[in-house]
There are 2 protein chains.
Amino acid sequence: MLTDRQLLILQSIIEDYIQSAEPVGSRSISKKNSITFSPATIRNDMADLEELGFLEKTHSSSGRIPSQKAYRLYVDRLLLPYRFSEPEMNNIQSLFAGKILEAEEAVKETAGILSELTSYASIVLGPEMFESRLRQIQIVPIGKEAAVAVIVTDTGYVENHTVALPPTLEAGELEQITNILNERLRGIPLYQLQRALFSEVRDVLKRYVFNYEAALSFTEEALRKSRHEKIFYGGKTNLLNQPEFKDVDRVRALLELMEEEHLIHELLKPTINGMTIRIGQENTNEAFEHCSIISATYSLAGKPVGTIGIVGPTRMEYQKVISLVNHLSYGLSNVLDDLYRRDS
Amino acid sequence: MLTDRQLLILQSIIEDYIQSAEPVGSRSISKKNSITFSPATIRNDMADLEELGFLEKTHSSSGRIPSQKAYRLYVDRLLLPYRFSEPEMNNIQSLFAGKILEAEEAVKETAGILSELTSYASIVLGPEMFESRLRQIQIVPIGKEAAVAVIVTDTGYVENHTVALPPTLEAGELEQITNILNERLRGIPLYQLQRALFSEVRDVLKRYVFNYEAALSFTEEALRKSRHEKIFYGGKTNLLNQPEFKDVDRVRALLELMEEEHLIHELLKPTINGMTIRIGQENTNEAFEHCSIISATYSLAGKPVGTIGIVGPTRMEYQKVISLVNHLSYGLSNVLDDLYRRDS
DNA sequence: GTTAGCACTCGTTTTATCCGAGTGCTAAAT
DNA sequence: ATTTAGCACTCGGATAAAACGAGTGCTAAC
């Protein structure tokens, strides 16, 4: 459908525009080393490409800019793998070289590297620890009215809630409950805890605890899944450097959207494994109209537990960003697997 | 030094400018109800006020804008207490009405309310829990190489580190260490834990644990003060609505500065009790040149443990903001004291 | 099929002009 | 001795016209 020359010209225009953020004219294309045709020839092809919806003009006598469709084609068919430069490589290496003890630390680091190397904004979700298994639970009374429930998983993840203490609970009972929970629930994945509470613990509790109803609901509260969606951003302010965001209103819309944690989570939450590339209006949300989002899930023990991603203008360095996101998602998965494996 | 009329005029100009963000002319001042003088009279006083450094012109025939010195005078001498409107009052009340179980929750809420009611950005530090006392420590091994140390304080605050496990440590010893620590360190304030480790625990450890050196340094690591400075922001994007920040570069400088957590912490960390008002260049940092920062410490059991503050343009609604910050810092202190008191 | 030549388009930049809010000064009024 | 009215003057901002130039589309020659 497109001739080789048209593809070559399209690619040149896209890459030029990614660099310059300015409409690209036929003359500047013809000057490139890889191009041997005259401006007039290029103009002809450009006109065709525009007719096919790959190029656009900002006004009738301007150079062309790539359309969303062009970026899509570029990403799907024209992209060559990117070779990281020396310092970039070092940067990435060092991220995964140091001894990392906590998952969250690794995840935060990744967000930092992502934004630093791309000069766009990075978003990192998770890791969701639903799959981790309970290693230990501790319920510590704080005064008469409240207690702190601390859950430690086999991945070293710690979660805690403060829970109101039912007044009927007797002194020793809290300890007893803790013991029962530890005995019965150890090794159970977090997301099954509530269910297991009923199937495994309920009856035992009935036997040993006086006000069993109150104790049960108290325990249920203590085990409740924290709906805390962990989102880390890196280099939000990088976006302000992009010429497409010199308009304050557009920036505001974008930054405000990024505060909406549940939306961002919904958008990026790890479902199927792999990489997602959303260009411009492929993001349904209006504030992302002029953005592209490139994201990839990372996984723990083969299961996707989180997402890393980059938000930048549609005029994005796709080549570099895609490689980087890809690379880091693998790296991060490996780090997490190492953390996880120490359990066995 | 200043006549009453000059003060009145100055105040009118400041308040007008706070509203309009536009240079104020003599005519518009003379139209106000509280003012009975003609524009010419006002012009004379304005000239004097300019000579004294309280007013500035943007160009030779423009109206006047208040100088930094004027805001300072305004804040120090002209400010009347602000009466909260009905909905504002409700908002504040509701913040402190609900049953709050965790300090951090209260603090985050406060940041939200602050920015919502002011339409500026809020910064909240802390609470620093150095003064809280150890209630319980738990060391949970995660695989062969690492363990999670979980510290719960009497204020319900939970802190955890992952620590590398010395290979020489024997199976039961970890439990023994945990027991010793709980026995000897309970009730000791967090900031004294490391010291108490040496004075109270060291010798006991020596007696019971084989590789005492390794165990000690392991324990020390487990108890290390987390240097995690907790900073919560609210309504950063509000700043983008202010006309003085329509310039993207200025916004970027500001937002980038706010990412520098240690700087912000240094700037706002709670030292002496009470309220601080920094106007314009009184903030030494260049990015805050056009900002004012109003902050107040909040306290727990009489000791300052954190700071709440507002960042806005120098043209800020001082009256409202000062009252609000003041009010909320008291309220927050009370909430925390309630949380704390439940211990006794 | 490709390219050179050329008229044409249209956003950007520059220059000129006008407008009016606001000032400072002087002289009259209180 | 203040306060005020009157008036010439200043200067940024808005508006219009003109010059500029990067880039196009089309036609005719290669």
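Keep in mind it's a predicted model, so treat the numbers as computed, not measured. (Residues numbered from 1 in each chain as written. Chains lettered and ligands numbered in written order. Predicted model: local features only at pLDDT ≥ 70, side-chain atom pairs only at ≥ 80, totals over all residues. Heavy atoms only, no water.)

Further remarks concern the domain arrangement of chain A. What the domain assignment lists for chain A is domain 1 (4-78), domain 2 (86-127 + 230-341) and domain 3 (134-223). In this structure, domain 2 of chain A and domain 3 of chain A have C-alpha centres spaced 36 Å apart. (Domains from an automatic or database assignment.)

We now examine the protein's contact with DNA strand D. Among the 19 residues in the neighbourhood of DNA strand D, the closest are listed as Ser26 of chain A together with Arg5, Thr41, Ser60 and Ser61 of chain B. The contact atoms of DNA strand D, taken as those within 4 Å of the protein, divide so that sugar and phosphate hold 78%. Residue Arg43 of chain A places a side-chain N or O atom 3.1 Å away from a base nitrogen belonging to DNA strand D. Arg5 of chain B has a polar side-chain atom sitting 2.8 Å from a phosphate oxygen of DNA strand D. Elements with a contribution of two residues or more to the surface near DNA strand D: α3 (39-51) of chain A together with α3 (39-51) of chain B. Per element, the largest residue contribution to the surface near DNA strand D is four residues, and it comes from α3 of chain B. Looking at the surface near DNA strand D residue by residue, the classes come out as three nonpolar, 11 polar and five charged. (Near = heavy atom within 4 Å. Polar contact = N/O pair within 3.5 Å; in protein donor to acceptor, adjacent residues only side chain to side chain. Helix = DSSP H or I, 4+ residues; strand = E, 2+ residues; numbered from the N terminus. Nonpolar A, V, L, I, M, F, W, Y, C, P; charged D, E, K, R; others polar.)

Residue-level contacts link 38 residues of chain B with 38 residues of chain A. Buried area between chain B and chain A, summed over both chains or domains, comes out near 3,200 Å², and the portion from carbon and sulfur atoms is 62%. Viewed at the interface, chain A and chain B are joined by zero salt bridges. Our count for the chain B to chain A interface comes out at six residue pairs in polar contact (both at pLDDT 80 or more). Secondary-structure elements contributing two or more residues to the side of chain B that touches chain A are β4 (134-142), β5 (146-153), β6 (158-164) and α10 (248-259) of chain B. Among the residues forming the side of chain B that touches chain A, the class breakdown is 16 nonpolar, 11 polar and 11 charged. (Contact = heavy atoms within 4.5 Å. Buried area = accessible area lost by both parts, 1.4 Å probe. Salt bridge = Lys/Arg side-chain N within 4 Å of Asp/Glu carboxyl O.)

In screw terms, the move from chain B to chain A is a rotation of 179° and a rise of 0.0 Å along the axis, fitting with an RMSD of 0.1 Å. The operation mapping one copy onto its partner corresponds to a two-fold rotation axis. Considering only C-alpha atoms, the residue of chain B closest to the rotation axis is Val248 of chain B, which sits at 3.2 Å. (Least-squares fit on C-alpha atoms with pLDDT ≥ 70 in both.)

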